[in-house]
Each structure stands twice: as C-alpha cells, then as structure tokens.
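Take a look at the letters that make up each chain.
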Amino acid sequence: MKARVADIFRSIQGEGPYTGRDTLFVRFAGCNIGTCRYCDTDFKSYREMDVREVLSEAGRLSGAAGPRMASVTGGEPLMQDGFLKALLPELRRRDMRLLLETNGTLPERLSGIRDMVDVVSMDIKLPGSVGGVELWEEHRRFLAACAGKEVYVKLVVDERSDEREFRTAIGLLGDAGPSVPLFLQPAVNGTEGVGISLAALDRFYKVARSYVRSVTVSTQMHKVVGVA
Ligand code: SF4
C-alpha cells in the first residue's frame with residue numbers, strides 16, 4: 001500500500017502545547033476541504049511512498065538521539081487512514097509519541113485509528129474561512145469521537161472572522177467539555193495575506209474565555225523563527 005506523502009522532515013513543533021518540541025513530521029498530501037483562505041499548503045507536490053520507505057526516511061532523520069515525538073499532518077492525514085493504520089504502530093514500536101494534526105472533519109476515519117495516537121490536535125473551521133461551508137456537525141461528531149483522549153483545538157482567526165460564527169465554534173467546544181484547551185491562532189499569512197488587529201484578537205479571546213477554561217493565543221512559532 002502506498003500513500004501520497006508531501007514531505008518528511010524534522011523540525012521544531014510550532015503550534016499548540018508541544019511548541020518547541022523536537023518533532024519528526026510526516027506530512028500527507030491532499031485535503032477534503034482545500035478552501036481555507038489562510039492555507040499555505042502546496043497541494044501539487046508529493047511522492048508515492050510505502051510504509052517501509054516512510055520508516056526508512058524517518059529513521060535517517062531521527063538517528064539515535066532524534067525526536068521522540070512524531071506528528072502526522074497534512075493536508076488532511078485522515079484522507080489516508082488506511083495507510084495510517086499500517087504506519088502508526090510501526091512508529092510507536094520505534095518509541096515515538098504520536099500526534100495527529102487534523103482539520104477535525106472526518107470523525108468516522110478517526111475512529112479507526114484513535115487508539116493508535118497519543119494526542120489529537122484538531123481544527124475548528126469558521127465557515128467564513130472556508131468559502132462559506134458549515135462544518136459544525138462534522139466538528140461536533142469529531143470532538144465526541146475524541147472523548148477520553150488527550151485533545152486540543154486550534155482555531156484560526158483573522159480580521160474578517162465573523163463574531164457570530166466564532167461564538168458558535170466556541171459554544172461547540174464548551175459543550176464538548178470546557179477543559180479541552182483552545183489555541184487561538186491569529187492568521188499571519190496565507191493565500192490572501194489577511195492578518196488581525198490586537199483589538200479584534202482581544203475581543204475573540206474574551207469571548208473564548210467565557211466558555212473555555214484554557215485559552216492560549218498561539219502564533220505559528222515555526223514561521224516566526226523561520227523553520228519549516
Ligand atoms: S484544512 Fe488545512 S490543508 Fe486543508 S485547506 Fe484548510 S488549511 Fe489547507
């Protein structure tokens with residue numbers, strides 16, 4: 001079995017609670033959304049690789065004193081969940097702590113691999129950020145499928161983010177359990193280059209704090225320091 005792999009690389013985790021952690025990234029190609037206005041993913045370049053080839057590349061990058069955390073990311077890695085079922089146990093056998101970074105819209109596919117990962121990092125997408133598509137139901141079911149796992153949520157906001165949509169997203173998160181940490185990510189670039197003012201970010205932060213216990217404003221540190 002082969003998967004479309006956009007890149008395998010070692011870098012510093014730039015987002016979420018594991019920011020700064022030496023990490024091996026396996027970035028899968030393809031996404032079931034494809035319309036996020038801040039998306040910086042190159043959808044055209046990838047290699048067809050089997051599990052043995054991915055592990056060989058991972059081993060070369062990790063070495064004896066290499067990262068003990070691996071992130072499967074994308075694109076949307078759950079698009080290739082069959083391949084993940086073969087890859088993740090092998091990475092775990094190599095003593096890796098496993099992080100799944102997903103857009104949080106494919107709950108049925110998560111169910112097949114949820115016990116193979118240690119941590120789930122999921123997005124909540126505001127409809128205005130993805131061309132008007134509402135993904136509330138998918139996100140709600142995805143959060144439910146994460147019950148009992150270590151999970152955190154990333155939510156990107158920019159100057160054009162709609163406050164009503166934001167409140168719906170935060171309400172969804174609050175319903176799932178106020179203890180799920182939220183990482184509020186100000187958009188710093190992307191296809192449309194839309195940023196956010198401090199005043200707008202502060203407004204979103206205060207709304208989030210009224211529903212969610214742990215809210216962190218999180219820049220994409222890897223972009224700030226200029227690593228992959
Ligand atoms: S979910 Fe991620 S990869 Fe897919 S379009 Fe949005 S930002 Fe890009």
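Residues numbered from 1 in each chain as written. Predicted model: local features only at pLDDT ≥ 70, side-chain atom pairs only at ≥ 80, totals over all residues.

A. Local environment of the sheet that holds strand β8 (residues 182-186). An order of β3-β1-β2-β4-β5-β6-β7-β8-β9 is seen for the nine strands of this open sheet, with the pairing classed as mixed. Bordering the open sheet on either side are β3 (47-50) and β9 (215-217), each of which pairs with just one other strand. For this sheet, the mean inter-axis angle between neighbouring strands, taken without regard to orientation, is 30°. The sheet contact formed by strand β4 (residues 69-73) and strand β5 (residues 97-102) spans four bridges and is parallel. (Pairing = 2+ DSSP bridges. Helix = DSSP H or I, 4+ residues; strand = E, 2+ residues; numbered from the N terminus. Axes fitted to C-alpha atoms, helices over the stretch in contact; angles between N-to-C directions.)

B. Just the environment of Ala187, in detail. If you trace the backbone, Ala187 turns up in the loop between β8 and α6 (198-209). According to the C-beta neighbour criterion, Ala187 is buried, with 21 such atoms within 10 Å. For the pair Ala187 and Glu159, spaced 28 residues apart in sequence, the C-alpha to C-alpha distance is 8.6 Å. (Buried ≥ 20, exposed ≤ 12 C-beta atoms within 10 Å, placed from the backbone.)

C. The pairing of strand β1 (residues 2-12), seen in detail. Relative to β3, β1 runs antiparallel, the two sharing four bridges. When the sheet's bridge partners are listed, Arg4 is paired in β3 with Glu48. Pairing of β1 with strand β2 (residues 22-28) involves seven bridges; the strand directions are antiparallel. Bridge pairing in β2 places Ser11 opposite Thr23.

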